[in-house]
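Listed below are the residues making up each chain.
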Amino acid sequence: NAGVTQTPKFQVLKTGQSMTLQCAQDMNHEYMSWYRQDPGMGLRLIHYSVGAGITDQGEVPNGYNVSRSTTEDFPLRLLSAAPSQTSVYFCASRERDTQYFGPGTRLTVL
Amino acid sequence: SQQGEEDPQALSIQEGENATMNCSYKTSINNLQWYRQNSGRGLVHLILIRSNEREKHSGRLRVTLDTSKKSSSLLITASRAADTASYFCATADRGSTLGRLYFGRGTQLTVWP
């Protein structure tokens, strides 16, 4: 199993650009989530999904959209990038109480 | 917020020594988990302790939970240079059926050879 995969690993955007961060898992987990990690901070939950077609907001959802058309994929969309969205983004899937994290996407917004 | 808070923020020890990290949280929990993050990598689950458990072991890891004090500790015995990483506690809200996790800011552990 590949586990949780994320693409791209690195991305630089200009303010106002849009992009989609990809996340996929091959463990057939229903629960998936997106976090952002900023220096000196813990992980903050952006959006999560409890199954295909079901998503909900986390702690810091503004500026981000998600969808869940399949169990495997959970993309995160930045509609109009802002410098405040410079961060490292982690996708995770969950089995019972344990979360499995992807390797992260380092995003810089200029 | 129920976010856990780790203490200390940074810990530096020699190989072979024990490392102890603490986590405090604010509200009732279903479970508390510890994760490790190596530099530039994603988080890796280490161990989970449920609210009705007081101590749990996994290899060189020992976790304790004191729900009356709303605190937990992670002990790594006989530390190795490879244990150098950030360690995060995460709590699962008792009131949430969705099992959302709230992470602390982490403890940066450095183990010197």
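Look up: the structure comes first, before these words.
These figures come from a predicted structure and were not determined experimentally. (Residues numbered from 1 in each chain as written. Chains lettered and ligands numbered in written order. Predicted model: local features only at pLDDT ≥ 70, side-chain atom pairs only at ≥ 80, totals over all residues. Heavy atoms only, no water.)

Which residues make up the interface of chain B and chain A, and what values do they have?
With 20 residues of chain B at the contact, the number on the chain A side is 21 residues. Taking both sides of the interface into account, the surface hidden between chain B and chain A amounts to around 1600 Å²; carbon and sulfur atoms contribute 51%. Inspection of the region where chain B meets chain A yields one salt bridge. Among the secondary structure elements, those contributing two or more residues to the side of chain B that touches chain A are strand S4 (29-37), strand S5 (43-50) and strand S10 (101-103) of chain B. (Contact = heavy atoms within 4.5 Å. Buried area = accessible area lost by both parts, 1.4 Å probe. Salt bridge = Lys/Arg side-chain N within 4 Å of Asp/Glu carboxyl O. Helix = DSSP H or I, 4+ residues; strand = E, 2+ residues; numbered from the N terminus.)

Tell me about the state of the cysteines, and name the residues and values.
Per the counting criterion, the structure on display carries two disulfides over all chains. Disulfide pairing is shown between A:Cys23 and A:Cys91; the S-S distance is 1.8 Å. Its S-S torsion of about -70° marks the bond between A:Cys23 and A:Cys91 as left-handed, since a negative value means left-handed. Residue A:Cys23 is located in strand S3 (residues 19-25), and its partner A:Cys91 is located in strand S9 (residues 87-95); the two are separated by 68 residues in the primary sequence. Pair check on accessibility: A:Cys23 and A:Cys91 agree, each one buried. Disulfide partner of B:Cys23: B:Cys89, at an S-S distance of 2.0 Å. On the sign convention where negative means left-handed, the S-S torsion of about 65° between B:Cys23 and B:Cys89 marks this disulfide as right-handed. Within this pair, whereas B:Cys23 is found in strand S3 (residues 19-24), its partner B:Cys89 is found in strand S9 (residues 85-93), the two being separated by 66 residues in sequence. According to the relative accessible area criterion, B:Cys23 is buried, its value standing at 1%. By relative accessible area, B:Cys89 is classed as buried at 0%. (Disulfide = S-S within 2.5 Å. Buried < 20%, exposed > 50% of the residue type's maximum accessible area, 1.4 Å probe, protein only.)

Give me the lowdown on the sheet that holds S3(A), citing residues and values where you can.
Residue and element names in this part refer to chain A. Strand order in the open sheet formed by four strands is S1-S3-S8-S7, and the pairing between neighbours is antiparallel. Only two strands of the sheet have a single neighbouring strand rather than two, namely strand S1 (4-7) and strand S7 (64-66). Strand after strand, the sheet turns through a mean of 20° between neighbouring axes, direction not considered. Here four bridges tie S1 to S3, and the two strands are oriented antiparallel to one another. Within S3, the residue paired with Thr 5 across the bridge is Ala 24. (Pairing = 2+ DSSP bridges. Axes fitted to C-alpha atoms, helices over the stretch in contact; angles between N-to-C directions.)

Give a detailed account of the nonpolar core, specifying residues and quantitative values.
Among the nonpolar cores identified, the biggest contains 21 residues, and B:Leu32, B:Trp34, B:Leu74, B:Ile76, B:Tyr87 and B:Leu109 are the most heavily contacted of them. At the level of secondary structure, the elements contributing two or more residues to this core comprise S3, S4, S5, strand S7 (61-66), strand S8 (71-76), S9 and strand S11 (107-112) of chain B. Excluding anything up to four places from it in sequence, B:Leu32 contacts B:Cys23, B:Tyr25, B:Ile47, B:Leu48, B:Ile49, B:Leu65, B:Ser72, B:Cys89, B:Ala90 and B:Thr91. Of all hydrophobic cores here, the second largest spans 18 residues; its members include A:Val4, A:Met19, A:Phe74 and A:Val109. (Core = buried A, V, L, I, M, F, W, Y, C linked by side-chain atoms within 4.5 Å.)

Describe the environment of B:Glu55, and please don't skip the residues or the numbers.
Residues and elements named next belong to chain B. Position of Glu 55 relative to the elements: it lies in strand S6 (residues 55-58). Given a relative accessible area of 39%, Glu 55 falls into the partly exposed group. Sequence-wise, Glu 55 and Asn 18 are 37 residues apart; in three dimensions their C-alpha atoms are separated by 17 Å. When neighbours within four sequence positions are excluded, Glu 55 is seen to be in contact with Ile 49, Arg 62, Val 63 and Thr 64. Among the polar contacts listed, one links the side chain of Glu 55 to the side chain of His 57, at a separation of 2.7 Å. At a separation of 3.2 Å, a polar atom in the side chain of Glu 55 contacts the side chain of Arg 62. (Polar contact = N/O pair within 3.5 Å; in protein donor to acceptor, adjacent residues only side chain to side chain.)

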